[in-house]
Amino acid sequence: MSDQQPASNGQAVANTKRRRQLTLLAGVVAVGVVAYGAWWLAFDSHYVETDDAYVGAETAQVTALSPGPVAKIFVVETQAVKAGDPLVVIDDADARIAVAQAEAALGQAERKVKGYFASDTALAGQFEARQADVARADAQITAARSDVERARVDLSRRQALVGEGAVSGDELTTAQNRLQNAQAALNVAQAGRAQALASRDAAIGAREVNTALISGVSVTENPEVKAAQARLDAARLTLARTVVRAPTDGIVARKSVQVGQQVAMGTPMMAVVPTTQAYVDANFKEVQLDKVVPGQPVILTSDLYGGGVKFHGKVRGLAGGTGSAFSLIPAQNASGNWIKVVQRVPVRIVLDPADLANHPLRVGLSMKAKIDVAK
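Structure report, in brief. The structure presented is a predicted model; accordingly, all values stated were derived computationally and were not measured.

On to the overall build of the protein. Assigned secondary structure in the protein consists of five helices and 14 strands. The buried share of the protein, taken over its 375 residues, is 29%. By sequence separation, contacts in the protein at least 24 residues apart represent 79% of the contacts at least 6 residues apart. Taken as a whole, the protein presents about 23100 Å² of accessible surface, with 56% of it coming from carbon and sulfur.

See the structure below:
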């Protein structure tokens with residue numbers, strides 16, 4: 001009995017010690033849970049994050065704006081370029097000929113319009129001459145009418161003396177012929193006046209037509225000259241476009257043009273990826289987006305640089321639909337065998353240009369994004 005009693009006392013002590021250890025462990029766990037809950041409520045609940053995020057950029061497609069064979073290529077794949085740098089030169093022989101033709105056409109148009117101005121002076125002189133012809137015809141009609149009146153009076157006098165035998169038949173006939181001739185001369189003068197009036201009206205019409213071509217504008221502002229100038233400008237633009245330049249700063253990608261290749265207008269030749277204007281599309285679960293609004297700050301890390309390099313950005317906006325909604329074959333299951341899947345919505349994040357300058361990114365790189373939804 002004496003041996004069993006010490007054994008029972010030792011077991012009791014061990015059980016008591018074990019209970020104390022379990023109680024202490026439970027207390028530590030409880031304190032940890034409370035601490036984590038407090039920390040989550042105070043800090044971590046203000047953030048949503050995802051590692052389903054990728055770098056994107058508004059890639060600039062470089063296409064041929066002038067047709068012809070490729071003469072020179074100045075860049076290679078992965079080369080960094082600045083906006084305005086020459087990328088490709090297209091043979092410009094045809095474009096130079098077109099410019100020369102357009103310059104000649106412009107010169108012809110300017111000379112033609114200057115001729116309009118010179119013609120206006122000549123037409124004004126013609127109008128004055130026709131006006132003088134009308135005045136001359138009026139004078140001739142006045143003189144012819146006087147002759148007719150004189151011949152009529154002379155004939156009347158002789159007719160009154162015929163009965164008395166003082167005038168012979170020949171004199172009467174002569175007086176009658178004189179009246180007829182005077183009347184004929186009056187008719188000719190009146191016809192001449194009508195012709196002079198018609199010539200004057202034609203001169204007026206010709207001058208009005210010419211005036212309409214030059215009225216209110218100088219030689220350089222004349223529509224014919226401006227149309228020729230526009231064709232020359234278009235030819236010069238086509239010539240300038242034989243040198244294809246970088247539309248923006250970036251990296252050359254997808255180069256598909258070779259020297260000697262015949263390209264048509266609009267032929268894709270390469271792309272320029274503006275890495276300094278990159279953005280991130282982060283695909284968050286729909287249950288994470290209830291507090292996400294544009295303008296909220298974002299902290300990002302890249303697999304390329306690791307967690308030691310932080311990128312800063314802001315939420316620009318949320319996409320108009322989920323990623324699956326815009327897929328080639330949207331997920332639309334109308335059968336009874338349906339399983340709800342939490343969808344993801346792309347969130348566009350703009351990056352700080354200073355961060356991109358210090359640590360350039362490439363399109364398609366993986367990112368991790370963490371949005372502060374409390375701000």
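This paragraph deals with a nonpolar patch on the surface. Side chains of L22, L25, V29 and V33 sit close together on the surface and give an oily, nonpolar patch of about 380 Å² of accessible area. Mapped onto the secondary structure, V29 falls in helix α1 (residues 4-42). Among the residues examined, V29 registers a relative accessible area of 47% and is labelled partly exposed.

Let's shift gears to the sheet that holds strand β3 (residues 68-73). Taken together, four strands build an open sheet; the order of strands is β6-β5-β3-β8 and the sheet is antiparallel. Strand pairing shows two members of the sheet lacking a second neighbour, β6 (243-245) and β8 (262-263), which therefore form its edges.

With that settled, consider the nonpolar core. Core analysis: the biggest nonpolar cluster contains 24 residues, and V280, F284, L300, I349, M367 and I371 have the highest contact counts within it. Counting residues per element, the ones that place at least two in this core are β1 (47-56), β10 (279-285), β11 (297-302), β12 (306-318), β13 (344-351) and β14 (366-372). Top element by residues in this core is β13. It accounts for four residues. In this structure M367 touches T50, D51, A53, V55, V280, L300, T301, S302, F311 and L361, once residues within four positions along its chain are discounted. Core analysis: the second largest hydrophobic core is formed by 17 residues, A64, V70, I90 and V272 among them.

It is worth spelling out the sheet that holds strand β2 (residues 60-63) at this point. Strand order in this open sheet of four strands is β2-β9-β7-β4, and the pairing throughout is antiparallel. The open sheet has two free edges, formed respectively by β2 and β4 (80-81), since each of these has just one partner strand. Here four bridges tie β2 to strand β9 (residues 268-273), and the two strands are oriented antiparallel to one another. The partner of A60 across the bridge, within β9, is V272.

Scanning all chains against the criterion turns up one aromatic pair. Between Y305 and F311, the ring centres sit 6.1 Å apart and the planes meet at 45 degrees, which makes this aromatic pair tilted. The exposure class assigned to Y305 is partly exposed, which follows from its relative accessible area of 30%. Accessibility expressed as a relative area gives 0% for F311, which makes it buried. Across from the ring centre of Y279, 3.7 Å away, lies the NZ or CZ of R348, which sits over that ring.

Of all six residues making up β9, five are buried, and the element is well covered by its neighbours. Looking at chain direction, strand β7 (residues 250-253) and β9 are connected through three bridges and run antiparallel. Paired with A253 across the two strands is A271, which belongs to β9.

What counts, and where the lines are drawn
Residues numbered from 1 in each chain as written. Predicted model: local features only at pLDDT ≥ 70, side-chain atom pairs only at ≥ 80, totals over all residues. Heavy atoms only, no water. Helix = DSSP H or I, 4+ residues; strand = E, 2+ residues; numbered from the N terminus. Buried < 20%, exposed > 50% of the residue type's maximum accessible area, 1.4 Å probe, protein only. Contact = heavy atoms within 4.5 Å. Areas by Shrake-Rupley, 256 points an atom, 1.4 Å probe, with all protein chains shown as cover. Patch = residues over 30% accessible without salt bridge, like charges linked within 9 Å, V, L, I, M, F, W, Y side chains within 5 Å. Salt bridge = Lys/Arg side-chain N within 4 Å of Asp/Glu carboxyl O. Pairing = 2+ DSSP bridges. Core = buried A, V, L, I, M, F, W, Y, C linked by side-chain atoms within 4.5 Å. Phe/Tyr/Trp six-rings, centres within 6.5 Å; stacked < 30°, edge-to-face > 60°. Lys NZ or Arg CZ within 6 Å of the ring centre and 35° of its normal.

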